[in-house]
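Working through the structure, step by step
Letter by letter, the chains look like this.
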Amino acid sequence: MSIELDSRSLTELASALVSGETSSVELTEAALGRINALDGKLNSFITVDNEAAMREAQAADERLSSGNGGPLTGIPIAHKDIFCTNGLKTSCGSRMLDGFTPPYDATVVERLRSAGAVLIGKTNMDEFAMGSSNENSFYGPCANPWDLSRVPGGSSGGSAAAVAAGLISAATGTDTGGSIRQPAAFCGITGLKPSYGLVSRLGMIAYASSLDQGGPMARSAQDCAVLLNAMAGHDVRDSTSAQRKPENYCDGLNNTVEGLRIGVPKEYFGEGLDGSVAKVIEAALKEYEAMGATLHEISLPRTALSIPAYYVIAPAEASTNLSRYDGVRYGHRCKDPLDLEDLYTRSREEGFGDEVQRRILVGTYALSSGYYDAYYKKAQQVRRLIAGDFTSAFESVDIIAGPTTPGVAFELGSKTSDPTAMYLEDIYTLSVNLAGLPAMSLPAGFSNGLPVGLQLIGKHFEEARLLSAAHQFQQRSDWHRQTPNVELQP
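Let us now look at empty space enclosed by the protein. Under the definition given, this model contains 2 cavities of 30 Å³ or more. Of the voids in this model, the largest cavity is the one considered here, and its volume is about 60 Å³. When grouped by side-chain class, the residues that make up the lining of the largest cavity number 4 nonpolar, 6 polar and 2 charged. Its volume calculated, the second largest cavity comes out at about 40 Å³. Surrounding the second largest cavity, Ile77, His79, Val109, Leu112, Arg113, Ala117, Val118 and Leu119 form its lining. For the lining of the second largest cavity, the secondary-structure elements that each account for two or more residues are strand 2 (76–80), helix 4 (107–114) and strand 3 (118–123). Counting residues per element, the lining of the second largest cavity draws most heavily on helix 4, which supplies 3 residues. Looking at side-chain class alone, the lining of the second largest cavity contains 6 nonpolar, 1 polar and 1 charged residues.

Counting buried residues along strand 6 (residues 214–218), 5 of its 5 residues qualify, which places the element largely inside the surrounding structure. With 2 bridges joining them, strand 5 (residues 190–193) and strand 6 adopt antiparallel strand pairing. Bridge pairing links Thr190 to Ala218 in strand 6.

The next point concerns the side chain of Asp61. Structurally, the position occupied by Asp61 is in helix 3 (residues 50–65). One buried charge, Asp61, has no salt-bridge partner; the nearest side chain with opposite charge is Arg63, at 11 Å. Among all residues touching Asp61, those that are not within four sequence positions of it are Ser23, Ser24 and Val25.

The next subject is the pattern of salt bridges. A complete count under the given rule lists 23 salt bridges for this structure. Note that Arg302 and Asp389 form a salt bridge whose closest N and O atoms lie 2.6 Å from each other. Of the two residues, Arg302 is situated in the loop between strand 8 (294–298) and helix 9 (306–321) and Asp389 in helix 12 (residues 372–393); the sequence distance between them amounts to 87 residues. Since its relative accessible area comes to 10%, Asp389 is described here as buried. Here Arg346 and Asp342 are joined by a salt bridge, their closest N and O atoms 3.1 Å apart. In this pair, Arg346 and Asp342 both sit in helix 10 (residues 340–351), 4 residues apart, roughly one turn of the helix. Within this structure, Arg261, Asp398, Glu462 and Arg465 form a network of salt bridges that share partners.

Rules of the game
- Residues numbered from 1 in each chain as written.
- Predicted model: local features only at pLDDT ≥ 70, side-chain atom pairs only at ≥ 80, totals over all residues.
- Heavy atoms only, no water.
- 1 Å grid on protein atoms, 1.4 Å probe; cavity = no way out; pocket = protein on both sides within 12 Å on 5 of 7 lines; lining within 4 Å.
- Points joined across faces, edges and corners; volume = space filled by probe spheres on them.
- Nonpolar A, V, L, I, M, F, W, Y, C, P; charged D, E, K, R; others polar.
- Helix = DSSP H or I, 4+ residues; strand = E, 2+ residues; numbered from the N terminus.
- Buried < 20%, exposed > 50% of the residue type's maximum accessible area, 1.4 Å probe, protein only.
- Pairing = 2+ DSSP bridges.
- Lys, Arg positive; Asp, Glu negative; His and termini not counted.
- Salt bridge = Lys/Arg side-chain N within 4 Å of Asp/Glu carboxyl O.
- Contact = heavy atoms within 4.5 Å.

Spelled out as structure tokens, the structure:
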């Protein structure tokens, strides 16, 4: 029995599995078929594991037939290629790790496997998660399924493109400065960046350890809630994992938004925001008003400082984390080194791309003797002030809403020669990571035929409230159900 994947959500597919309308084997075959037919246009996958996926699907069907299935049992998913997968190549989008096969699963992978999800493969990404367009991958750029001449966003662009194109119904991503939310906005899907510490980082290859956070990417807020139920929770093997009582993020999805106080930062609607994007966001906010929420203008005065603060802190941490790739222990090793210095130099020069090298150099400079206080320490002080702005804002509002990105997906190659212009794409997302808050992007409409994302920001560990607010919006709109027709694009 065939089943359409391009427009069905994870929860709809789960219902089809339970009712017997389809089987996990049929879903997995359909997903692999769409990947084979369409991913040549998108380049959203780095690795596809056909044989293992079919074995997992058969096991899932047995689990379902015995009555032991759960909400994710038998659902084909993909992982961003930053999560370690036992026995399956994990490259982080880099030549440096092109031949690396981990001997263990990341906690996120482990938990989703335990929940019965079927791993189809690993998705394309900016190298070591450094980028906002998915053009920094060793395996080539990924394309946006709404317009193949445009970027899908980054660094989780492969996951976003694969979900938007209906190759799979859900995928994992990571968000260091907007890398789940920005590609979700560009590709017209729903993506959640959880509070720092809610989802274990064990086995998630580090970029900037105080900022990185894994999260779900799917069609709807309901799908993200189902995924987060499996992904979240304390991990004794991760020292940054928060010790919190487990929550069921699906329980509050139907809570009304009546009386919800929504803060609208005036800094998010000033210079730099595309006018047509602003109109879409304003219409979405009016929809919330119609549902009974109230809008309140607030100020996040240090929003503009998030870019310089982030691009000191994140490269500094990257400089430290990536120092392990030296050609000695694992990763790319140059041929016939003359001596130890040549081994280090050429292995790193050959293994890392331009953007990664750029950030390592910036980070090393910021941490060097004589510059630490002037740059890194000062950036951390600004980070504390940015977090304080959010704390003050949340004294009078329940959530904060605004655009996810200043504009829609830009053309491939249009910003690669101007790193600063690329960095400005993250102006509305970076401060959330600096403050460790949860935030999500959901489809809110279109501008010139391209998706626009609405960003919702919450208080620490209030993912349930965000998911409920997003779900209620999606009950009154169908933007999240719109799908691109990749087949018709040349």
